[in-house]
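Architecture and fold: a report
Chain residues, written in single-letter form:
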Amino acid sequence: MRFPSLLFALILTGWMALGLPVWAEDLIEIGSAEIDVSKAGSVTIDVSTAKGGFRSVRIRNAGENAIDVSQVRVVYDDQSFHLEERQINMRGGERSRAIDPAKKDRFINSVVVTWNASSGATTVKVLGDQSRAGRRMERAAAPAVANNPAPSPSGSSAIKKGEKLTEDGILFGHKLVPLAREQETIEVGREIGKFDRIRLRVLGSPIFVDKAKITYADGTRQDVTIVDELKADTQTSWIEIDGNKFIATIELTYRPKLDSKNHSRIEITGEYAKTWLGASGEGVKFNEGWVLLGAQTAGFTGYDRDLIPVSPNEGGFARLRVVAKDRAITLREIRVVFQSGPDEVFQMRERVEPGKPYGPLEFKVGRAAIKEIRARYRSRFDLSKGLTNLFEGTPAVVEIWGQH
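Since this is a predicted model, take the numbers as computed values, not measurements.

1. Some remarks on the overall build of the chain
When you go through the chain residue by residue, the secondary structure sums to two helices and 26 strands. Taking all 404 residues of the chain together, the buried fraction comes to 49%. Within the chain, residue pairs in contact and separated by at least 24 positions form 81% of the contacts whose partners lie at least 6 positions apart.

Printed below as a string of structure tokens:
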């Protein structure tokens, strides 16, 4: 009977007439890593040698112990990346659904898998969805992995000992690190910007920082040796980095002091690359033209009066907005000090929820160059979490963004 064959031919002809792909995608293994899931952690799986392009990736638990994945970062060869932030629970043999599916084939450099603590060890495999066209694609030479320590003024790979905190630099990364661990990864993200140099500062318990591994969005890395005790309220000297690339993550290797408390807060500040800020700078191409001008950690007691210096910004800005991270804040005042002319003051009493920008605050003078911003705010208590929340917990980070 030929009816099934004829029906299949008709369906196939219609499929092709619609311009839809005839060839199904193949699911192939492109990388793997053995991991210890008895403690939380993160692993970078290099897949830059995989042949061809891919429509999406999946991760598979190839071991017997379950894994609780909290985040997957897929880094492509054009410096872009996709961050999948969702819980993926997989027992042995199970795999995830497609991550960052697309209609076109793309070259993938690496996949970063982050997991929560459970028990035992397992093997994570990266599977790529590859079309027939993707199999024929050939990439340029894979980017070299640079393990070049950032030079200090002395030419040594070691960074100067802890210095007293200063207000210069843009706060763009932070983490409350548990001292029971020895490694922690700070996620950055390309919307923040490109930096010529960065440094670490510590609030709270002192900590020995051995090294920092900077992974750029194109998959290349830079290892920086520190080997220094950072006391409370101190920072390292400046670390020179590649200002032509976006930072994806900064991985810290550290050791606690024996008399330290349970946690230490590490913050990352940076100086923008010269090509980033300004009306004609590269920053206007991202995040709808909003660029981060400065940020500070907000205290719980009383209203902080923070002064945020703004890097030279030829062409100026026309408006601001305020973003709270990690916790809600009460915002009372924003004073903008221009390079010339009178200050502009915005007064309010507003609750700003995490991740929900407040603004925009439009300047009466129109676009103008900013010298500094003075802000009044405080972290809000969450009484639903009990009295402990009044005195402990993660404080808010207050970010000030500008648009030309």
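On we go from here.
2. Focus on the confidence of the model for the chain
Of the residues in the chain, 79% reach a pLDDT of 70 or more, and the chain-wide mean stands at 80. Considering only residues more than four positions removed or in separate chains, one finds that residues 15-24, a stretch of pLDDT under 50, has seven contacts.

3. Focus on the environment of F208
Among the structural elements, F208 can be located in strand β13 (residues 207-216). Linking F208 and E229, residues 21 residues apart in sequence, is a C-alpha distance of 4.2 Å.

4. Quick notes on the layout of surface pockets
Looking at the largest pocket, its volume works out to about 1100 Å³. Along the walls of the largest pocket sit 47 residues, with Q71, K175, T185, I186 and E187 positioned nearest its centre. The element that contributes the greatest number of residues to the lining of the largest pocket is strand β10 (residues 170-178), accounting for six residues. For the lining of the largest pocket, the per-class residue count stands at 16 nonpolar, 14 polar and 17 charged.

5. Quick look at the sheet that holds strand β26 (residues 397-403)
The sheet built from four strands is open, its strands ordered β19-β26-β21-β24 with antiparallel pairing. Looking at the sheet topology across the chains shown, the edges are occupied by β19 (290-297) and β24 (358-362). For this sheet, the mean angle separating the axes of adjacent strands, direction not counted, is 20°. The sheet contact formed by strand β21 (residues 319-325) and β26 spans seven bridges and is antiparallel. Note that in β26 the partner of V322 across the bridge is I400.

6. Considerations on empty space enclosed by the protein
Scanning the model with the defined rule gives two cavities of 30 Å³ or more in all. Taken as a whole, the second largest cavity holds about 30 Å³ of empty space. Taken together, K211, K213, D223, E251 and T253 form the lining of the second largest cavity. At the level of elements, β13 and β17 (247-256) are the ones that each hand at least two residues to the lining of the second largest cavity. Partitioned by chemical class, the residues of the lining of the second largest cavity number no nonpolar, one polar and four charged.

7. Quick word on the environment of N244
Within the secondary structure, N244 is located in the loop between β16 (239-240) and β17. When the C-alpha atoms of N244 and F195 are compared, they prove to be 7.9 Å apart, with 49 residues separating the residues in sequence.

8. Examining the environment of Y254
Its location among the elements puts Y254 in strand β17. Linking Y254 and A212, residues 42 residues apart in sequence, is a C-alpha distance of 8.9 Å.

9. Observations concerning the pattern of salt bridges
Counted under the stated rule, the structure contains 20 salt bridges. For K194, the salt bridge is made with E282, and the minimal N-O distance between the two is 2.9 Å. In this pair, K194 sits in the loop between β11 (183-187) and β12 (195-204) while E282 sits in the loop between β18 (263-272) and β19, placing the two residues 88 residues apart along the sequence. The shortest N-O distance in the salt bridge between E271 and R197 comes to 2.9 Å. Placement of the pair is E271 in strand β18 and R197 in strand β12, with a sequence separation of 74 residues. Taken together, the shared-partner salt bridges in this structure form one network comprising R201, R265 and E267.

10. Observations concerning the pairing of β19
Counted residue by residue, β19 has eight buried out of eight residues, so it is predominantly covered. Inspection of the sheet shows β19 paired to β26 by seven bridges, in the antiparallel sense. Bridged to W290 within β26 is Q403.

11. A few points about the sheet that holds strand β1 (residues 26-36)
The three strands are arranged β1-β8-β3 in an open sheet whose pairing can be described as antiparallel. Strands at the two margins of the open sheet, each flanked by one partner only, are β1 and β3 (56-61). Between one strand axis and the next, the sheet turns through 25° on average, direction left out of account. Bridge count for β3 against strand β8 (residues 121-130) is six bridges, and the pairing is antiparallel. What sits directly across from V57, in β8, is G128.

12. As for the side chain of S56
As for its position among the elements, S56 is in strand β3. A distance of 2.2 Å separates the side chain of S56 from the side chain of D129, its partner in a polar contact. Once residues within four sequence positions are removed from consideration, S56 is found in contact with A98, I99, D100, P101, R106, L127, G128 and D129.

13. Some details on the packing of aromatic side chains
One pass over the structure, following the stated rule, counts eight aromatic pairs. With 5.0 Å between their ring centres and 20° between their planes, F195 and Y272 make a pair best called stacked. Of this pair, F195 sits in strand β12 while Y272 sits in strand β18, placing them 77 residues apart in sequence. Assessed through its relative accessible area of 1%, F195 is described here as buried. For Y272, a relative accessible area of 9% translates into the label buried. Look at F346 and F363: their rings are 6.4 Å apart centre to centre, the planes differ by 35°, and that puts the pair in the tilted class. Here the residue F346 occupies a position in strand β23 (residues 344-352), and F363 occupies one in the loop between β24 and β25 (370-379), the gap between them amounting to 17 residues. On the basis of relative accessible area, F346 is assigned to the buried category, the value being 14%. You can call F363 buried: its relative accessible area is 6%.

What counts, and at which threshold
Residues numbered from 1 in each chain as written. Predicted model: local features only at pLDDT ≥ 70, side-chain atom pairs only at ≥ 80, totals over all residues. Heavy atoms only, no water. Helix = DSSP H or I, 4+ residues; strand = E, 2+ residues; numbered from the N terminus. Buried < 20%, exposed > 50% of the residue type's maximum accessible area, 1.4 Å probe, protein only. Contact = heavy atoms within 4.5 Å. pLDDT = per-residue confidence, 0-100. 1 Å grid on protein atoms, 1.4 Å probe; cavity = no way out; pocket = protein on both sides within 12 Å on 5 of 7 lines; lining within 4 Å. Points joined across faces, edges and corners; volume = space filled by probe spheres on them. Nonpolar A, V, L, I, M, F, W, Y, C, P; charged D, E, K, R; others polar. Pairing = 2+ DSSP bridges. Axes fitted to C-alpha atoms, helices over the stretch in contact; angles between N-to-C directions. Salt bridge = Lys/Arg side-chain N within 4 Å of Asp/Glu carboxyl O. Polar contact = N/O pair within 3.5 Å; in protein donor to acceptor, adjacent residues only side chain to side chain. Phe/Tyr/Trp six-rings, centres within 6.5 Å; stacked < 30°, edge-to-face > 60°.

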